[in-house]
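Residues per chain, in single letters:
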Amino acid sequence: MSVNQRIPDYDLDDLLVVTAPEQLRALADPLRGTILELLLERAATVNELAAAVDRPKSSVAYHVNQLVDAGLLRVVRTRRVRAIEERFYGRAARTFYVGALHRPEDKQVVARINGLAEAAAEAAAAHAADELRCTLVHARIPIEDVREFWAEVQALARRFAQIPRAGDQVYGFAAGLYPTDAPTLPDADPSSEAPAAGGGAPEREPGAG
């Protein structure tokens, strides 16, 4: 699978850690999230964004300005169109990572940012049409392995976002890693481990025939 390194078509940082309240509020708004997602493809003007989300230009301009004020968007280039300067907006970073939060109100804002819930709603039609590709696996692993694995998932998501645009269908890629109450087996008893190849026959349970 080829990867175009110029998607999006402007320079941006790889990662931005967000902790400021205005940044968190900006990320929590669904329309602003959609705008940020669109700008992973290429830089765009307010007119182009308004056409993409089918919303009034004035409404989209307001949300774009909120994202700019929060430091999540910036003007990446301009062009003159009939004596009017058109601004193209791009993201400040490819990935926004929510850092450590201390204020309870900030934690409440972040709690509303649930990509898995949004993905579940989006995937309902694909599930009904038997076009949903998904997997769910549970594993009891230490937190160090969680962090390492999640870094690999984020790298995969960035690669997905950089695949050259083509075709007529937009696909969503969702990933989540979270603690659960799923059942797990106890640690194996070393004395019950299978014998090495060529060893004696395994012991039978009491009463086995």
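This section reports on the structure supplied with the text. (Residues numbered from 1 in each chain as written. Predicted model: local features only at pLDDT ≥ 70, side-chain atom pairs only at ≥ 80, totals over all residues. Heavy atoms only, no water.)

**Topic: the packing of aromatic side chains**
Across all of its chains, the model carries 1 aromatic pair by this definition. Directly above the ring of F88 sits R77, whose terminal nitrogen or CZ lies 5.0 Å from the centroid. (Phe/Tyr/Trp six-rings, centres within 6.5 Å; stacked < 30°, edge-to-face > 60°. Lys NZ or Arg CZ within 6 Å of the ring centre and 35° of its normal.)

**Concerning the pattern of salt bridges**
Tallied over the full model, the rule gives 7 salt bridges. Measuring nitrogen to oxygen at the nearest pair gives 3.0 Å for the salt bridge that ties R77 to D9. You can see R77 sitting in strand β2 (residues 73-81) and its partner D9 sitting in the segment before β1 (13-18), a full 68 residues away along the chain. R77 gets classed as partly exposed once you look at its relative accessible area, which sits at 32%. The exposure class of D9 is partly exposed, given its relative accessible area of 27%. We note a salt bridge from D187 to R140, for which the minimum N-O separation is 3.0 Å. (Salt bridge = Lys/Arg side-chain N within 4 Å of Asp/Glu carboxyl O. Helix = DSSP H or I, 4+ residues; strand = E, 2+ residues; numbered from the N terminus. Buried < 20%, exposed > 50% of the residue type's maximum accessible area, 1.4 Å probe, protein only.)

**Here we look at the layout of surface pockets**
The calculated volume of the second largest pocket comes to roughly 250 Å³. What lines the second largest pocket is T45, V46, N47, K57, A61, V81, R82, I84, E85, E86, R87 and Y89. Breaking the lining of the second largest pocket down by element, the ones donating at least two residues are α3 (46-53), α4 (57-69) and β3 (84-91). When residues in the lining of the second largest pocket are grouped by element, the largest group, 5 residues, is from β3. Broken down by class, the residue content of the lining of the second largest pocket amounts to 5 nonpolar, 2 polar and 5 charged. (1 Å grid on protein atoms, 1.4 Å probe; cavity = no way out; pocket = protein on both sides within 12 Å on 5 of 7 lines; lining within 4 Å. Points joined across faces, edges and corners; volume = space filled by probe spheres on them. Nonpolar A, V, L, I, M, F, W, Y, C, P; charged D, E, K, R; others polar.)

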